[in-house]
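Residue-level structure breakdown
Chain by chain, the residues:
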Amino acid sequence: KGFDGKRGSTYEKGREAITHWSSNNGENGGNGDNGKDIVATFLKINAGFPDSFYVCRIITVNDNVSFEYLIKDPKESILIDSRGGDGGMGGGGSNGTKRNRYRVDGGNGGNGGTGGNGGSVNVKFVKNSTELKSSVTVLNTGGKGGKAGQAGKGVPHKSGDPELSGKDGVNGLEGMAGQNGAEPVIIVD
């Protein structure tokens, strides 16, 4: 599964501008990683003998890394997870703080990160391992988009004059969801 995006930072203090004080905007959330492209091959070892077992070899195509897993019980659930990571939440804009002469606007919320795309998955059952087919579940959906960061609140001027009062920031935008991976390819050899 792809890693989830990092949450954007939320700031607490405003900063001075030329004509007024404004608060800090929240950071955008990080994007989720894409799910890995995977080739999984199942094989039965010592077929026909009481000590038979299964081997599943996983190769991640993106970085050419392989893993092997031993499976003793053919009814045990097997999950191949190649989902995209979720987008990170946008950071919140900071609220205005009271100042003597300038209005203090609230900061804008950060945008949510985009979800990662689901990976492509090919599953191959070598002829003596087809009984595992009903035990295998493949997940390769795209990750969720990150939530929008909240806007910071502006602060009223001590005089009560609305023209001198700070304005609220704007909420960030929701992140987009990642795309689902292609329908898994199942091969029985």
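Just above, that's the structure.
Conventions and cut-offs
Residues numbered from 1 in each chain as written. Predicted model: local features only at pLDDT ≥ 70, side-chain atom pairs only at ≥ 80, totals over all residues. Heavy atoms only, no water. Buried < 20%, exposed > 50% of the residue type's maximum accessible area, 1.4 Å probe, protein only. Helix = DSSP H or I, 4+ residues; strand = E, 2+ residues; numbered from the N terminus. Pairing = 2+ DSSP bridges. Polar contact = N/O pair within 3.5 Å; in protein donor to acceptor, adjacent residues only side chain to side chain. Contact = heavy atoms within 4.5 Å. Salt bridge = Lys/Arg side-chain N within 4 Å of Asp/Glu carboxyl O.

A separate point is the pairing of strand E3 (residues 38–45). Here E3 shows a clear split, with Ile38, Ala40, Phe42 and Lys44 buried on one side and none of Val39, Thr41, Leu43 and Ile45 buried on the other. Where E3 meets strand E4 (residues 53–60), 8 bridges bridge the pair, whose relative direction is antiparallel. Residue pairing in the sheet places Ala40 in a bridge with Ile58 of E4. As paired elements, E3 and strand E8 (residues 121–125) share 5 bridges and run parallel to each other. Note that in E8 the partner of Ala40 across the bridge is Val123.

With that out of the way, let us pick up the side chain of Ser135. Of note, Ser135 is situated in the loop between E8 and strand E9 (136–139). Residue Ser135 is classed as buried on the basis of its relative accessible area, which comes to 10%. Only 2.6 Å separates the side chain of Ser135 from the backbone oxygen of Pro74, close enough to count as a polar contact. Those residues within four positions of Ser135 in sequence are excluded, and the remaining contacts are Pro74, Lys75, Glu76, Ser77 and Ile78.

Here the structure, examined in full by the defined rule, presents 5 salt bridges. Across the pair Glu68 and Arg57 runs a salt bridge, and its minimum N-O distance is 3.8 Å. One end of the pair, Glu68, is in strand E5 (residues 65–71); the other, Arg57, is in strand E4, and 11 residues separate them in sequence. A residue is classified by how much of its surface remains accessible, and Glu68, at 58% relative accessible area, is exposed. For Asp189, the salt bridge identified is with Lys124, shortest N-O distance 3.7 Å. Within this pair, whereas Asp189 is found in the segment after strand E10 (185–188), its partner Lys124 is found in strand E8, the two being separated by 65 residues in sequence.

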